[in-house]
Each structure stands twice: as structure tokens, then as C-alpha cells.
Amino acid sequence: MKIAILLYPACSLQEITTLTSILCLSFGQSLDYLASEKKVYTSEEGLQVIPDFTFAEVQNVKYDCIILPGTLEPFVSLYDSRLISFLERVDTKRTMVAAISSSPMFLGKAGLLRSRYYTGGLYMELVEYFSFLEKENFLHQPVVKDKNVITAIGFAYVEFSQTVLDTLGLELPSNFFLRKNFYSPEELTYHLEASDYQKILQKISQYERCTQE
């Protein structure tokens, strides 16, 4: 499976890291990070990230899933022709597109929301202002899935993650996202399998030898 994460100025990594962590750690997926330029991008959290490829470098690559985080500076990207052109080339019949928070605006400008139901962390004044955002199709729901396009409001990052995983056919235990108010000591006690413990001991031994040399 080929999955891309889009980066742009002031992008919100927090909105997608639940999803990207599960994709990598639970399902062993490798992710391509894409952006308009090969440079350092500072996220809204102040983290500095560098994309693997520019949009120009992957214009012939077919992705199964493209994920868009939100951003505190949506207009910078909304008027970035490189980002919008990349999205315009996406065939949603074969590629799933998932956008959260402010990023559904980018899908709208690229024509990917035409005649589709959608949501997002969008002010209704902007939905009315931009003709590419069809107000009659905006649903006041945390997450909306219309065929191969998933959109969500920023606070619903867990529901967003679950919807994307379900659509990709990646199954998690039914209680994976559930959290309780109370945990017994037994539930919070962790043990290694014997074979895993031996592997860890070997790694520790390697580090200890290096520090003694």
C-alpha cells in the first residue's frame, strides 16, 4: 500500500499523528511525506519537518491514500498552485483522500469535493465566500465519508483515524480506541515475551560494550 502525507506551512501534525503512528507501528506501512518544496516546514506545534519528495517529483506516482493535516495558515496553501495542481491530478476512484480541519478547503479548490458531502473546521462565512465549497453539501458532523473522500473537524482526529483505517481495510481490535476512567495495577503492568527480552538484552550488551571501549 502506498500512502502520502502532505506538508505545508503551520500544518497540524497533532491532527494526524494518531493515524500515522498506527499505520507505521501497527501495520508496518511506509509513508511518503510530500510538499511543494524540499525545505524545512515548521508545524503549528513548532516541530520542523522535511518532506521526502516534492509534488513535482511524484507526479507519476500512484498513491492508494493521501492524508492532509489541517493548518493554522490555510490561505498560504490555498493559493499554492503546486499543492492545488497535485490534488487536481488525484483520481478519487482509485485513491482515497482524507482531509481534516482546514484542509478540506484545498480539496474544494482542487475540485475533489464537487457534488460530495463534506465537513471540516471551516467558518461558514468562508464556505459561503468560496464558490468551490458547496454550502448545500456541508454537513455539521465530526467526520463525513463520501465514497473515497473523508473529511473531518480537527477535534475528531480519533474518529478520523478510525474511518481512514476502516476504509483501507486495516482492522484494529474493537477496544483499541477505548479509554477507561480507572485501570487496575494488573492492566498497567507490562511484560516482555522471553524471546523479545533476550533480543533486548543483546542490544543492551552491544551498547554497554561500545561505552566501555
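We now turn to the structure provided with this report. (Residues numbered from 1 in each chain as written. Predicted model: local features only at pLDDT ≥ 70, side-chain atom pairs only at ≥ 80, totals over all residues. Heavy atoms only, no water.)

Here we come to the overall build of the chain. Of the regular secondary structure elements, the chain holds seven helices and nine strands. Seen along its three principal axes, the alpha-carbon backbone of the chain occupies a region of about 65 × 45 × 30 Å. Here the chain, with 213 residues, has 44% of them falling under the buried criterion. In the structure as shown, the chain presents an accessible area of about 12,400 Å², 52% of it carried by carbon and sulfur atoms. (Helix = DSSP H or I, 4+ residues; strand = E, 2+ residues; numbered from the N terminus. Buried < 20%, exposed > 50% of the residue type's maximum accessible area, 1.4 Å probe, protein only. Areas by Shrake-Rupley, 256 points an atom, 1.4 Å probe, with all protein chains shown as cover.)

This paragraph deals with the environment of Phe75. Looking at the element boundaries, Phe75 is found in helix H2 (residues 74-78). Since its relative accessible area comes to 39%, Phe75 is described here as partly exposed. For the pair Phe75 and Ser102, spaced 27 residues apart in the sequence, the C-alpha separation amounts to 9.7 Å.

Our next topic: a nonpolar patch on the surface. Together, Leu192, Tyr197, Ile200, Leu201 and Ile204 make up a nonpolar patch on the protein surface, roughly 430 Å² of accessible area in all. Structurally, Leu192 is set in the loop between helix H6 (157-168) and helix H7 (194-212). (Patch = residues over 30% accessible without salt bridge, like charges linked within 9 Å, V, L, I, M, F, W, Y side chains within 5 Å. Salt bridge = Lys/Arg side-chain N within 4 Å of Asp/Glu carboxyl O.)

Per the counting criterion, the structure on display carries seven salt bridges. Taken together, the shared-partner salt bridges connect Glu37, Lys39, Asp80 and Arg82 into one network.

Another aspect to go through is the sheet that holds strand E2 (residues 31-35). The strand order across the open sheet built from seven strands is E5-E2-E1-E6-E7-E9-E8, with neighbouring strands paired in mixed fashion. Bordering the open sheet on either side are strand E5 (53-54) and strand E8 (143-146), each of which pairs with just one other strand. In the sheet, E8 pairs with strand E9 (residues 149-152) via four bridges, with the strands oriented antiparallel. Each residue of the ladder has a partner; that of Val144, found in E9, is Thr151. In the packing of helix H1 (residues 17-26) onto the sheet, contacts are made with strand E1 (3-6), E2 and strand E6 (65-68), and the angle to E2 comes to roughly 140°. Along the sheet face, H6 touches E1, E6, strand E7 (96-100), E8 and E9 and points at about 180° away from the line of E7. (Pairing = 2+ DSSP bridges. Contact = heavy atoms within 4.5 Å. Axes fitted to C-alpha atoms, helices over the stretch in contact; angles between N-to-C directions.)

One finds Leu6, Leu68, Leu87, Phe106 and Leu107 to be the most contacted residues of the largest nonpolar core, which totals 36 residues. Among the elements that make up this core, the one with the highest residue count is helix H3 (residues 81-88) (four residues). Core analysis: the next-biggest nonpolar cluster, separate from the first, contains 22 residues, Ile5, Leu19, Cys65 and Leu165 among them. (Core = buried A, V, L, I, M, F, W, Y, C linked by side-chain atoms within 4.5 Å.)

A few words on the pairing of E2. The buried fraction of E2 is high, at four of five residues. Each parallel crossover has a hand, and for E1 linked through H1 to E2 it is right-handed. Pairing of E2 with E5 involves two bridges; the strand directions are parallel. Looking at the pairing, Leu34 lines up with Phe53 of E5. (Right-handed = clockwise from strand over helix to strand, strands pointing away.)

Attention now moves to unusual backbone geometry. The phi dihedral of Ala10 is positive, around 60°, even though this residue is not glycine. Residue Ala10 is classed as buried on the basis of its relative accessible area of 10%.

Here E9 shows a buried face lined by Val149 and Thr151 and a second buried face lined by Ile150 and Ala152. Taking the residues that link successive antiparallel strands as the turn, the E8-E9 hairpin has two residues, and the phi of Lys147 there is positive, at about 55°.

Attention now moves to the packing of aromatic side chains. One pass over the structure, following the stated rule, counts six aromatic pairs. Arranged with centres 4.8 Å apart and planes meeting at 20°, the rings of Phe55 and Phe86 form a pair that is stacked. Residue Phe55 is found in the loop between E5 and E6, and its partner Phe86 is found in helix H3; the two are separated by 31 residues along the sequence. For the pair Phe55 and Phe86, a shared accessibility class is recorded, and that class is buried. With a centroid separation of 5.2 Å and an interplanar angle of 80°, the aromatic rings of Phe176 and Phe177 are classed as edge-to-face. Clustering of aromatic rings is evident, with ring pairs tying together Tyr129, Phe130 and Phe132. Of note, Lys39 hangs over the ring of Tyr41, and the distance from its end group to the ring centre comes to 5.2 Å. (Phe/Tyr/Trp six-rings, centres within 6.5 Å; stacked < 30°, edge-to-face > 60°. Lys NZ or Arg CZ within 6 Å of the ring centre and 35° of its normal.)

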